[in-house]
Amino acid sequence: MRDAKRVAKRFKEIWEYLWIKMDVQITDGSQPIGKWIWACLQTREALRILQQHKDKSEDLENKAIFLASKILILCWKAKSMKDAENLVKSQLKDWEAWKKMQEIIKAQNWEPNIKSEDIQLGKFSHDIVAEKDCIVSKVDMKHLNTMVRGLWAPKEYQAWIYLYKKLWDKVKKWEVVYTMYSPSATKIEIVKKMQKEK
């Protein structure tokens, strides 16, 4: 927290010197936001929120609403956080946010009618299960990043990890904690070996 506050203070000093209005938000980085690890599937999660999919990530949506509300206040589009949050939520609920994203996608010569489920999973997968009843007390972000790179991300967009359990979730013996995906069976085996050695 001390380092975060120091960096935030430095950012504020720089932007004030440049006469740029800004705000710094320090958020919890002890675990991933959402359940998908790596860019392609994080795109799926973002699309699910914009399209109000039944399996959308609640924590990711809440953080997006919070940050968007802060921006609205900075731009004088809302007088309070409550007003800003209500505006953002209505834009999501009425699909106005998704319509704007479609305009952006189309301007970049991509398919504007893409659905979140159009993004394909890797051909090969492997489940990591709990060896006993427990509670997730820590998420090793560095190890997760190492594993997903071992699966061949970012070179291969179908390489990622899906988290079924997150911080403080209860886990039963033999329950799946996370699943690894990759287009390469060899990469799956390499990461399985890494997991055993940790």
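The structure presented is a predicted model; accordingly, all values stated were derived computationally and were not measured.

(A) View of the sheet that holds strand 4 (residues 160–163). In space, the four strands of this open sheet follow the order 1-4-6-2, with antiparallel pairing throughout. Two strands in the sheet have a free side with no partner beyond their single neighbour: strand 1 (36–37) and strand 2 (124–129). Both strand 2 and strand 6 (residues 176–182) contribute to a ladder of six bridges, which runs antiparallel. Note on strand 6: the bridge partner recorded for Ser125 is Tyr181.

(B) Region of the structure containing the nonpolar core. Counting 40 residues, the largest nonpolar core has Leu151, Trp160, Ile161, Tyr178 and Met180 as its most contacted members. Per element, the largest residue contribution to this core is five residues, and it comes from helix 2 (residues 39–50). Residue contacts for Ile161: discarding those within four places in its chain leaves Lys35, Trp36, Ile37, Leu144, Met147, Val148, Leu151, Tyr178, Thr179 and Met180.

(C) Here's a closer look at the side chain of Thr179. Relative to the helices and strands, Thr179 is located in strand 6. Of the residues examined, Thr179 reaches a relative accessible area of 2% and is grouped as buried. Polar side-chain contacts of Thr179 include one of 2.6 Å to the side chain of Asp127. Apart from the residues lying within four places of it in its own chain, the contact partners of Thr179 are Ser125, His126, Asp127, Trp160, Ile161, Tyr162 and Tyr164.

(D) Inspection of helix 6 (residues 141–150) at higher detail. Listing the buried residues of helix 6 in full gives His143, Leu144, Met147, Val148 and Gly150. Down the axis of helix 6, the buried set is contained in an arc of 155 degrees. They therefore lie on one face. Contacts made by the buried residues of helix 6 are with strand 1, strand 4, strand 6 and helix 7 (185–197). The opening residue of helix 6, the one whose side-chain oxygen lies 3.3 Å from the backbone nitrogen of Lys142, is Asp140.

(E) Structural view of the pattern of salt bridges. In the structure shown here, the tally under the stated rule is eleven salt bridges. In this structure, Asp55 and Lys54 form a salt bridge, with 3.2 Å as the shortest nitrogen-oxygen distance. According to the relative accessible area criterion, Asp55 is partly exposed, its value standing at 40%. Assessed through its relative accessible area of 72%, Lys54 is described here as exposed. Among the ionic pairs, Glu175 bridges to Lys165, the shortest N-O distance being 3.0 Å. Residue Glu175 is found in the loop between strand 5 (170–171) and strand 6, and its partner Lys165 is found in the loop between strand 4 and strand 5; the two are separated by ten residues along the sequence. Residue classification places Lys165 among the buried residues on the basis of a relative accessible area of 19%. In this structure, a network of salt bridges that share partners links the residues Arg44, Arg48 and Glu117.

(F) Just the layout of surface pockets, in detail. Volume-wise, the largest pocket comes out at about 870 Å³. Lining of the largest pocket is provided by 28 residues; of these, Ile128, Val129, Val177, Tyr178 and Gln195 occupy positions nearest its centre. Counting only elements with at least two residues in the lining of the largest pocket, the list comes to strand 2, strand 3 (134–135), helix 6, strand 6 and helix 7. Of the residues forming the lining of the largest pocket, the biggest block, four residues, is contributed by strand 2. A class-by-class count of the residues in the lining of the largest pocket yields 14 nonpolar, four polar and ten charged. Its boundaries defined by the atoms lining it, the second largest pocket holds a volume of some 520 Å³. Considering the residues around the second largest pocket, the lining is formed by 20 residues, among which Leu50, Ala68, Val88, Leu92 and Ala97 are closest to the centre.

Cut-offs applied
- Residues numbered from 1 in each chain as written.
- Predicted model: local features only at pLDDT ≥ 70, side-chain atom pairs only at ≥ 80, totals over all residues.
- Heavy atoms only, no water.
- Pairing = 2+ DSSP bridges.
- Helix = DSSP H or I, 4+ residues; strand = E, 2+ residues; numbered from the N terminus.
- Core = buried A, V, L, I, M, F, W, Y, C linked by side-chain atoms within 4.5 Å.
- Buried < 20%, exposed > 50% of the residue type's maximum accessible area, 1.4 Å probe, protein only.
- Contact = heavy atoms within 4.5 Å.
- Polar contact = N/O pair within 3.5 Å; in protein donor to acceptor, adjacent residues only side chain to side chain.
- Arc of directions from axis to C-beta.
- Salt bridge = Lys/Arg side-chain N within 4 Å of Asp/Glu carboxyl O.
- 1 Å grid on protein atoms, 1.4 Å probe; cavity = no way out; pocket = protein on both sides within 12 Å on 5 of 7 lines; lining within 4 Å.
- Points joined across faces, edges and corners; volume = space filled by probe spheres on them.
- Nonpolar A, V, L, I, M, F, W, Y, C, P; charged D, E, K, R; others polar.

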